[in-house]
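Structural overview for review
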Amino acid sequence: MIELKNVALDRLRAGDLALGVGLRQARTVDIAKAMRTAGFDWLFIDMEHNSMDLDTAVQICVAAQDAGITPIVRVPGYESFHATRVLDGGAQGIVVPHVDDAATAARMVSQCRYPPVGHRSVTGSLPQLDFQTHPMGEATETINRETLLVVMLESPTAIANAEEIAAVPGVDALLIGTSDLSMEMGIPGQVGHPDITAAYERVVAACKTHGKHPGMGGVYDPALMQRYIGIGARFILGGNDLPLLMAAASERTKILRAML
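Residues numbered from 1 in each chain as written. Predicted model: local features only at pLDDT ≥ 70, side-chain atom pairs only at ≥ 80, totals over all residues. Heavy atoms only, no water.

What the protein contains, in helices and strands, is 12 helices and 8 strands. Dimensions of the protein, computed from C-alpha atoms along their principal axes, come out at roughly 65 × 45 × 35 Å. Split into buried and exposed, the 260 residues of the protein put 50% on the buried side. Here the contacts in the protein between residues at least 6 apart in sequence split such that 65% fall between residues at least 24 apart. Accessible area of the protein: about 12,000 Å², with a carbon and sulfur share of 55%. Within the protein, the 29 negative side-chain charges are centred at a point lying 5 Å from the centre of the 21 positive side-chain charges. (Helix = DSSP H or I, 4+ residues; strand = E, 2+ residues; numbered from the N terminus. Buried < 20%, exposed > 50% of the residue type's maximum accessible area, 1.4 Å probe, protein only. Contact = heavy atoms within 4.5 Å. Areas by Shrake-Rupley, 256 points an atom, 1.4 Å probe, with all protein chains shown as cover. Lys, Arg positive; Asp, Glu negative; His and termini not counted. Charge placed at Lys NZ, Arg CZ, Asp CG, Glu CD.)

As C-alpha cells, then:
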C-alpha cells in the first residue's frame with residue numbers, strides 16, 4: 001500500500017476536531033509551516049474570495065503536505081478545471097461553495113474522484129505521491145481514499161436538502177457556511193440565531209446517518225463555536241489569516257499606546 005497521509009482526514013476518522021485556518025492574504029509557502037506550528041490541521045486556501053492565482057495556491061499546497069498540514073482549496077465554481085488543476089498540483093482536498101442539491105454534489109464527485117467513484121482524468125507525477133511512479137490502479141485508489149471532498153451548504157435550500165447531499169457517495173464532509181446562510185435566511189450576521197442552530201442539528205443528523213463529517217465555517221465567537229461543536233461539528237474553520245493578524249496587531253498597539 002502506498003504511504004500517503006492526510007492529517008485532517010486522520011483527525012476526522014478518529015472522531016477528533018480537524019482545525020483549519022483560512023488563507024486570503026498569505027502568498028508565501030512558509031505559511032504552511034507557521035500554521036502547523038500554531039496547531040492547525042488544515043489550510044483553507046481560498047480561491048473564491050480573493051485574488052490568489054493557481055500557481056501560488058499549488059505551491060502552498062506542496063509545501064503544506066511536506067510540513068504536515070493538509071492543503072485544502074476552496075474553488076470558485078463548478079467547472080472541472082477549477083478543482084482538477086489544484087488537485088493535480090498538490091491539493092489534498094477541495095471545498096466546493098454553494099452546493100444546494102445532491103446533483104451538484106454528485107457532479108463534483110465525478111470531477112474530483114478517479115474511477116470507479118468518479119471520472120477524474122488521470123495524470124502522472126503527482127506531488128502528493130512525491131512524484132513517484134506507482135501502478136495506476138494503486139495510485140488512484142490511494143488518492144481517492146486520502147483526498148477530502150467538502151461541499152458547502154450556504155442556503156436554506158441546501159439545509160433542506162442536507163439528507164440527500166450527505167447520501168452522495170464520494171462526498172466526505174458537509175461544511176455549513178454560516179455567514180452566507182444567515183444572509184440567505186434574512187438574519188444577516190446572526191450566527192447564533194435559533195434557525196442557525198436548527199440548521200446545524202439537521203446537517204449533523206444527516207452526516208451521522210450517512211457517515212459524513214459535519215463542518216462549521218463563519219462562526220468565530222468561542223461560545224457559539226462550543227455550541228455547534230457540542231451539536232456535532234468536527235471539521236472546523238477556526239479563523240482566517242487577516243482577522244487573526246489584525247487582532248494580534250491591534251492588541252499590540254493598544255498595549256504600546258498605554259505605555260506612555
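Residues of helix H11 (residues 222-231) that are buried include every one of Leu224, Met225, Tyr228 and Ile229, and no others. In a view along the axis of H11, the buried residues occupy a sector of 135 degrees, so they form one face of it. The outward face of H11, more than 90 degrees from its buried face, is lined by the exposed residues Pro222, Ala223, Gln226 and Gly230. Against the buried residues of H11 lie helix H10 (194-210), strand E7 (213-217) and strand E8 (235-240). Among the residues trailing H11, Gly232 stands out with phi positive, at a value near 145 degrees. (Arc of directions from axis to C-beta.)

Moving on to the pairing of E7. Buried residues dominate E7, accounting for 5 of its 5 residues. Here strand E6 (residues 173-177) runs beside E7; their pairing, made up of 5 bridges, is parallel. Bridging from a neighbouring strand, Leu175 pairs with Gly215 of E7. Of the pairings in the sheet, the one linking E7 to E8 comprises 2 bridges and is parallel in character. Paired with Met216 across the strands is Ile236, a residue of E8. As for the winding sense of the linkage, the β-α-β connection from E7 through H11 to E8 is right-handed. (Pairing = 2+ DSSP bridges. Right-handed = clockwise from strand over helix to strand, strands pointing away.)

This part covers the packing of aromatic side chains. Taken as a whole and judged by the stated rule, the model has 3 aromatic pairs. With a centroid separation of 6.1 Å and 70 degrees between ring planes, the pair formed by Trp42 and Phe44 is classed as edge-to-face. Exposure remark for Trp42: the relative accessible area of 0% places this residue in the buried category. For Phe44, a relative accessible area of 2% corresponds to the buried category. Both rings, one in Trp42 and one in Phe235, keep their centres 4.1 Å apart while their planes meet at 5 degrees; by these two values the pair is stacked. With Trp42 in strand E2 (residues 42-46) and Phe235 in strand E8, this residue pair connects regions lying 193 residues apart in the sequence. Taking the relative accessible area as the measure of exposure, Phe235 reaches 0% and is therefore buried. Taken together, the ring pairs in this structure connect Trp42, Phe44 and Phe235 into an aromatic cluster. (Phe/Tyr/Trp six-rings, centres within 6.5 Å; stacked < 30°, edge-to-face > 60°.)

We now examine the sheet that holds strand E4 (residues 93-96). With parallel pairing, 8 strands are arranged side by side around a closed barrel as E1-E2-E3-E4-E5-E6-E7-E8. Neighbouring strand axes in the sheet, compared pairwise and without regard to direction, differ in orientation by 25 degrees on average. Sheet contacts for helix H12 (residues 241-257): strand E1 (18-23) and E8; angle to E8, the most-contacted strand, approximately 50 degrees. (Axes fitted to C-alpha atoms, helices over the stretch in contact; angles between N-to-C directions.)

Moving on: the confidence of the model for the protein. If pLDDT is low for a region, its predicted coordinates should not be looked at in detail. In this model, the protein carries a mean pLDDT of 97, and residues with pLDDT of at least 70 account for 100%. By mean pLDDT, the top-scoring element of the protein is E6 (99), and the lowest-scoring one is helix H4 (residues 80-89) (96). (pLDDT = per-residue confidence, 0-100.)

Our focus in this paragraph is the nonpolar core. In terms of nonpolar packing, the biggest core is built from 59 residues, with Leu43, Ile45, Ile94, Leu153, Leu174 and Met216 touching the most fellow members. Ranked by residues supplied to this core, first place goes to H10 with 6 residues. Those residues in contact with Leu43, other than ones at most four positions away along the chain, are Val21, Leu23, Ala32, Met35, Ile60, Ala64, Ile69, Thr70, Pro71 and Ile72. Counting residues in each nonpolar core, the second largest holds 15 residues, with Ala8, Leu9, Val150 and Leu237 among its members. (Core = buried A, V, L, I, M, F, W, Y, C linked by side-chain atoms within 4.5 Å.)

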